[in-house]
Amino acid sequence: MIKILQIIGARPQIIKAAALSRAIRNKFSDQIQDIIVHTGQHYDENMSNVFMREMQIPQETYNLKIGSASHGKQTAQMLQRLEEVFELEKPDYVIVYGDTNSTLSAALAAIKMFIPIIHIEAGLRSFNKTMPEEINRIVCDHCSTILFSPTEAGIKNLQNEGFQINQTPPYSIHNPGVFYCGDIMYDNSLYFSSNFEQDSGIECSFIVPQSDFVLVTIHRPSNTDSIENLSAICNSLISLTEQSLVTLVFPIHPRTKKILEQFHLLELLKANNKIMIIPPASFFEMIVLEKKCKCVITDSGGVQKEAFFFKKPCVIVRDETEWVEIVDAGCAVLTKPYSIAEKTIQMIQSPPLRYPLIFGDGNSAEFICEKIIQKADIPI
Ligand code: UD1
């Protein structure tokens, strides 16, 4: 039996771990022992528990309840507590997802203890080192023994940083295995959205507009922590409602809410009867919104991809994205905050013609499990 510890902490990691846990439960339960460790980075009901329940993730064995703090403090506290858990559990592998502070802490704790790390969502780069996530990705990739990239662009980035492809096992920190596996979030989007088609009665905690609407999510510090950018985003969203017939549905991240309130921008948005502000949406609610909307405006990496999965044009409120393929394919466009209205109207009037197969076939989790089993003798 191979013992893995999956480290989750932020909302999207709960979604990714769900796909792996489901594959283990369905096909590999006699070979892989699945233990979940939640750092507690996200702790609000709507940011964590609701995802665990909806996605049928086995109850986490550990919840470290670290919560919010400055990056240094949050990372340090996670590092310390994760080391204790690793010491106790002595896993064969630590599995980390994406690029959050939970990912970084787990990678650092594991590598110092010579526990092999498997990084899922490896190789992505925005080439903007002022983003905390970019540093987290780079460090984590270079600590890993097996790297699973969701895209071909991710594989190229790893090659450019000196990783060799097609290495032969046994894999180690000096001879890491690098694999393209497709996107594990796509596994979930396919799995759950096909479930919904059979049973369309998903209960949303809000009323989904019947008329054309645009889904909006904003939470990146580069947008929320700059009053210029945040004001420009609000003005541009209001302008979009004035220049077009669409309504906006805006599930609001706790960070964004706090700052909008602080600068009296939330009341401005709420005063507009074409802007519907709702609490953070659950995964199922997001699928409903993504499937029914006309277009998506977001700065989230996960939501950019989900827009693509559901063939919706996407306006990305960032200067760059690590999901370059969706922009190259013309399915998404990058924008400055003040141009959101203009870019959204363009995307709605001239929607993308095709959505190429970029993210695999929806079977990433099984592929990953097979590799874990085949390479069970990996030394660090
Ligand atoms: C984190 C990730 C980001 C990811 C996002 C997904 C890092 C560096 N960033 O960003 O890459 O896209 O998760 O959602 O790890 N807060 C609450 N309740 C919560 C969680 C957060 O109120 O349950 C508020 C707190 O004020 C906190 C702030 O949101 O300080 C930021 O939370 P944090 O976990 O540090 O980063 P995210 O912005 O959520």
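Remember, it's a predicted structure, so these values are computed and weren't measured experimentally.

Caption draft 1: Spotlight on the overall build of the chain. On a plain count of helices and strands, the chain comes out with 16 helices and 13 strands. Over its C-alpha atoms the chain spans a radius of gyration of 20 Å, differing by no more than 12% from the 21 Å that the globule rule assigns to 380 residues. Evaluated residue by residue, the chain yields a buried proportion of 60% over its 380 residues. Total accessible area on the chain is roughly 15900 Å²; 51% of this is exposed by carbon and sulfur atoms.

Caption draft 2: Region of interest: the domain arrangement of the chain. Entries for the chain in the domain assignment read domain 1 (2–183 + 360–374) and domain 2 (204–349). On a C-alpha basis, the centres of domain 1 and domain 2 stand 28 Å from each other. Listed as interface residues are 23 residues of domain 1 and, on the opposing side, 18 residues of domain 2. A combined buried area of about 1700 Å² lies between domain 1 and domain 2, and 59% of that area is made up of carbon and sulfur atoms. Counting the surface domain 1 buries against domain 2, the share from its top three residues, Asn-46, Glu-54 and Asp-183, is 26%. Counting across the domain 1 and domain 2 interface gives four salt bridges.

Caption draft 3: Molecular detail of the sheet that holds strand E3 (residues 62–63). Pairing within the open sheet is parallel, and its seven strands lie in the order E3-E2-E1-E4-E5-E6-E7. Of all the strands in the sheet, the pair left with one neighbour each is E3 and strand E7 (177–180). Where helix H1 (residues 11–28) meets the sheet, its contacts fall on strand E1 (2–8), strand E2 (32–38), strand E4 (93–97) and strand E5 (117–120), and the angle it forms with E1 comes to roughly 160°. Strands E1, E2, E3 and E4 of the sheet are contacted by helix H3 (residues 71–89), whose axis makes an angle of about 165° with E1.

Caption draft 4: View of the packing of helix H9 (residues 227–243) against helix H15 (residues 340–349). Relative to each other, H9 and H15 sit at 45°, their axes nearing to 8 Å. With respect to H15, the axis of H9 lies oblique. Along its contact with H9, which presents Ile-233, Ser-236, Leu-237, Ser-239, Leu-240 and Gln-243, the element H15 presents Ile-340, Ala-341, Thr-344 and Ile-345. In the contact of H9 with H15, the residues fall into six nonpolar, four polar and no charged.

Caption draft 5: Focus on the pairing of E2. In terms of burial, E2 is a largely internal element, five of the seven residues being buried. As paired elements, E1 and E2 share seven bridges and run parallel to each other. Among the inter-strand pairings, Ile-8 is bridged to a residue of E2, identified as His-38. In this view, the connection linking E1 to its parallel neighbour E2 by way of H1 has right-handed handedness. Examined bridge by bridge, E2 and E3 share two bridges and lie parallel to one another. Bridging across to E3, His-38 finds its partner in Asn-63. Where the polypeptide runs from E2 across helix H2 (residues 49–54) and back to E3, its parallel neighbour, the crossover connection is right-handed.

Caption draft 6: Inspection of the pairing of strand E6 (residues 146–149) at higher detail. Of the two faces of E6, both are covered, the one formed by Ile-146 and Phe-148 as well as the one formed by Leu-147 and Ser-149. Following the backbone out of E5, through helix H5 (residues 132–143) and into the adjacent parallel E6, one traces a crossover that is right-handed. With respect to chirality, the unit in which E6 leads through helix H6 (residues 152–160) into the neighbouring parallel E7 is right-handed.

Caption draft 7: Spotlight on the pattern of salt bridges. Summed over the entire model, instances satisfying the criterion amount to 19 salt bridges. Across the salt bridge formed by Lys-3 and Glu-89, the nearest N and O atoms sit 2.8 Å from each other. In this pair, Lys-3 sits in strand E1 while Glu-89 sits in helix H3, placing the two residues 86 residues apart along the sequence. On the basis of relative accessibility, which here comes to 15%, the residue Glu-89 falls in the buried class.

Caption draft 8: Just the site of the ligand, in detail. Around the ligand sit 21 residues in total, of which Gln-41, His-42, Glu-133, Arg-255 and Lys-258 are the nearest. A distance of 2.8 Å separates an oxygen atom of the ligand from a polar atom in the side chain of Gln-41. One of the side-chain N or O atoms of His-219 is found 3.0 Å from an oxygen atom in the ligand. When the ligand sits alone it has 740 Å² of accessible area, and the protein chains cover 89% of it.

Caption draft 9: Up close: the packing of aromatic side chains. Here the structure, examined in full by the defined rule, presents 13 aromatic pairs. When the ring of Phe-283 is compared with that of Phe-284, the centres are 6.5 Å apart and the planes differ by 50°; the resulting orientation is tilted. The exposure class of Phe-284 is buried, given its relative accessible area of 16%. Ring centres 5.5 Å apart and planes at 85° place the aromatic pair Phe-309 and Phe-359 in the edge-to-face group.

Reading the values: rules and limits
- Residues numbered from 1 in each chain as written.
- Predicted model: local features only at pLDDT ≥ 70, side-chain atom pairs only at ≥ 80, totals over all residues.
- Heavy atoms only, no water.
- Helix = DSSP H or I, 4+ residues; strand = E, 2+ residues; numbered from the N terminus.
- Rg over C-alpha atoms; globule rule 2.2 N^0.38 Å.
- Buried < 20%, exposed > 50% of the residue type's maximum accessible area, 1.4 Å probe, protein only.
- Areas by Shrake-Rupley, 256 points an atom, 1.4 Å probe, with all protein chains shown as cover.
- Domains from an automatic or database assignment.
- Contact = heavy atoms within 4.5 Å.
- Buried area = accessible area lost by both parts, 1.4 Å probe.
- Salt bridge = Lys/Arg side-chain N within 4 Å of Asp/Glu carboxyl O.
- Pairing = 2+ DSSP bridges.
- Axes fitted to C-alpha atoms, helices over the stretch in contact; angles between N-to-C directions.
- Parallel < 35°, antiparallel > 145°, perpendicular 65-115°, else oblique.
- Nonpolar A, V, L, I, M, F, W, Y, C, P; charged D, E, K, R; others polar.
- Right-handed = clockwise from strand over helix to strand, strands pointing away.
- Near = heavy atom within 4 Å.
- Polar contact = N/O pair within 3.5 Å; in protein donor to acceptor, adjacent residues only side chain to side chain.
- Phe/Tyr/Trp six-rings, centres within 6.5 Å; stacked < 30°, edge-to-face > 60°.

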